[in-house]
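Listed here are the chains, written in short residue letters.
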Amino acid sequence: MKAFGFSEYGDPSVFQEIEKDIKDPKPDQVQIENMAFGINPYDVLLRQGQFKGGRELKFPFVPGNDLVGKVVKIGENVKTFKVGDYVINYRPSGAYGEFVNASADKVVAKPATLSFLDAASLPTPGIAAYNAWHHFATITDDAVIGVVGATGLVGSLLVQLAKSLGHHVIGAASAKNADYAKWIGVDEFLAYDEAYDADRFDAQADVVFNATLGGHDNGLSDEIVKSNGQIILIANLDYPVKTDGVKVNHVDPTKGYSNLEALEFWTKLSATWGVSLRVENNLSFTLTDVIKAHELVEAHHSGKTVIQIEKRKRSSF
Ligand SMILES: NC(=O)c1ccc[n+]([C@@H]2O[C@H](COP(=O)([O-])OP(=O)(O)OC[C@H]3O[C@@H](n4cnc5c(N)ncnc54)[C@H](OP(=O)(O)O)[C@@H]3O)[C@@H](O)[C@H]2O)c1
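A quick note: this is a predicted structure, and the numbers were derived from the prediction, not measured.

J.: How should the overall build of the protein be read in this particular structure?
T.: Helices and strands together make up the secondary structure of the protein, namely nine helices and 15 strands. On C-alpha atoms alone, the protein measures out to a radius of gyration of 20 Å, which is about the 20 Å that the 2.2 N^0.38 rule sets for 317 residues. In terms of its C-alpha atoms, the protein occupies a principal-axis envelope of roughly 60 × 40 × 40 Å. Residue pairs in contact within the protein that sit at least 24 positions apart in sequence constitute 64% of those at least 6 positions apart. A total accessible area of about 14,500 Å² is found for the protein, and carbon and sulfur atoms account for 50% of it.

See the structure below:
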């Protein structure tokens, strides 16, 4: 099978096409024919060698955590899926390849309500958003929710989660993304790159999720949060919080939380309420496009970048 990976750390040009064998699935595994996979900032950091010393890679290394595909073979113990099912898989690596074997308990069914491109984008930001909400925040039914970075991958999922539960949502992003923010449900939009009415937003949110890149929000989370409220950090915070009594929680990746529970939450929400991800770049399964995808993510191009393997018209994908 064809895959894309690298045998040395470096810039996107280290990618090469790799021919790999695919073994039959083990008794508890399914074999998935990959239809599309999402590119994550994490893939870029791995390729750059930023985790050298922490996570040692075996070269040639095929990255990729998030994919959607079709089950083509099942192991003898698997009862939960059958050949032909469309599934979403979150995995440690290997999603940049045509086929993968995955434990059946690391796979969820793709709901018909979620497009293939959205499904390929969901796992990594979905797990981060789910964990932030369920494991790091304490949220009362009437809490006003602030999402700083409301139009990003993680932030937009948090907005949709909050709206599905009936919360009032204050969302911040740049002015050019105001329509998208309102479309996913933001009730009050704050454009961080324009003058805004500070009185309207100051100390208004019980819980603020900071989902900006690297946590850089120029103090906005601290501005929006109420005294004794909470700030939940998806990344970091580069300033001391001044508002009284605020509890700051950092979303640490941990093996203690179930990735499957998070994915099942989103697939269920997609079927009952609707979930949308902002896929901006739909590229093809070629070396040129894999390199381009990494360049886009490295340049912090907004919206999700997905590589589509199966050749269907985008309207049906
Ligand atoms: N993506 C993932 O799967 C994932 C998973 C775990 C953790 N993380 C971490 O979570 C953070 C967010 O990731 P992401 O992929 O969701 O990022 P993203 O898609 O780039 O979104 C960033 C968001 O922050 C907004 N923003 C930028 N500067 C801002 C400012 N000064 N004030 C307010 N909002 C601002 C952006 O709005 P505009 O685009 O309108 O400027 C956008 O809505 C990153 O640090 C990432 O490493 C991400």
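J.: Would you take a moment to explain the UniProt feature "domain: Enoyl reductase (ER)" (unreviewed entry) in the protein for this structure?
T.: Taken from the UniProt record, the annotation "domain: Enoyl reductase (ER)" (unreviewed entry) applies to residues 10–307. Helix makes up 27% of residues 10–307 and strand 26%, whereas the separation of the span's terminal C-alpha atoms amounts to 21 Å.

J.: What is the right way to read the site of the ligand from this model?
T.: Contacts to the ligand come from 25 residues, most closely from Thr-151, Ser-174, Asn-177, Tyr-192 and Gly-214. Tyr-192 has a polar side-chain atom sitting 2.5 Å from an oxygen atom of the ligand. When residues of the shell around the ligand are assigned to their parent elements, the largest contribution, three residues, is made by helix α3 (residues 123–136).

J.: Which parts of the structure should I look at to understand the domain arrangement of the protein?
T.: Interfaces are often sized by the amount of accessible area the parts lose when they come together. Parsing the protein into structural domains produces domain 1 (2–121 + 278–316) and domain 2 (125–250). Computed over C-alpha atoms only, the centres of domain 1 and domain 2 are separated by 30 Å. In this complex, domain 1 contributes eight residues to the contact, which on the side of domain 2 involves seven residues. Roughly 640 Å² is buried in total at the junction of domain 1 and domain 2, and carbon and sulfur atoms are behind 64% of that figure. Counting the surface domain 1 buries against domain 2, the share from its top three residues, Tyr-90, Arg-278 and His-300, is 65%. At the boundary of domain 1 and domain 2, one finds zero salt bridges.

J.: Help me understand the nonpolar core, please; the structure alone is not making it clear to me.
T.: One finds Ile-145, Leu-158, Phe-209, Ile-232 and Trp-266 to be the most contacted residues of the largest nonpolar core, which totals 52 residues. No fewer than three residues from each of domain 1 (2–121 + 278–316) and domain 2 (125–250) sit in this core. In contact with Ile-232, not counting residues within four places along its chain, are Ala-132, Phe-136, Ala-137, Val-207, Val-208, Phe-209, Asn-210, Asn-249 and Val-251. Counting 35 residues, the second largest nonpolar core, distinct from the first, contains Val-30, Leu-46, Val-78 and Tyr-96.

J.: Explain the pattern of salt bridges here, please?
T.: Any two side chains of opposite charge can pair, given that their charged atoms come close. Per the stated rule, a full pass over the model turns up seven salt bridges. Across the salt bridge formed by Lys-226 and Asp-206, the nearest N and O atoms sit 3.2 Å from each other. Here Lys-226 is found in strand β12 (residues 225–233), whereas its partner Asp-206 is found in strand β11 (residues 205–210), with 20 residues between them in sequence. Judged by relative accessible area, which is 23%, Asp-206 ranks as partly exposed.

J.: It is not clear to me how the side chain of Glu-188 should be interpreted in this structure. Could you clarify?
T.: Position of Glu-188 relative to the elements: it lies in strand β10 (residues 188–191). Non-local contacts of Glu-188, meaning those with residues more than four positions away in its chain, are made with His-168, Val-169, Ile-170, Gly-171, Arg-200 and Phe-201.

J.: Where do I start with the side chain of Asn-281 in this structure?
T.: Along the chain, Asn-281 falls in strand β14 (residues 279–284). Each residue touching Asn-281, except ones within four places of it in the same chain, is listed here: Leu-296, His-301, Lys-304, Thr-305 and Val-306.

J.: Just checking my understanding: could you explain helix α1 (residues 41–48) for this structure?
T.: Given 3.6 residues per helical turn, the α-helix brings residues three or four places apart onto the same face. Of all the residues in α1, the buried ones are Asp-43, Val-44, Leu-46 and Arg-47. Angular distribution of buried residues about the axis of α1 spans 160°; they occupy a single face of the element. Those residues of α1 hidden inside the fold are in contact with β3 (29–38) and α9 (287–298). Just past α1, the residue Gly-49 takes up positive phi, approximately 85°.

Reading the values: rules and limits
Residues numbered from 1 in each chain as written. Predicted model: local features only at pLDDT ≥ 70, side-chain atom pairs only at ≥ 80, totals over all residues. Heavy atoms only, no water. Helix = DSSP H or I, 4+ residues; strand = E, 2+ residues; numbered from the N terminus. Rg over C-alpha atoms; globule rule 2.2 N^0.38 Å. Contact = heavy atoms within 4.5 Å. Areas by Shrake-Rupley, 256 points an atom, 1.4 Å probe, with all protein chains shown as cover. UniProt positions renumbered as here; feature names shortened; annotations may be inferred. Near = heavy atom within 4 Å. Polar contact = N/O pair within 3.5 Å; in protein donor to acceptor, adjacent residues only side chain to side chain. Domains from an automatic or database assignment. Buried area = accessible area lost by both parts, 1.4 Å probe. Salt bridge = Lys/Arg side-chain N within 4 Å of Asp/Glu carboxyl O. Core = buried A, V, L, I, M, F, W, Y, C linked by side-chain atoms within 4.5 Å. Buried < 20%, exposed > 50% of the residue type's maximum accessible area, 1.4 Å probe, protein only. Arc of directions from axis to C-beta.

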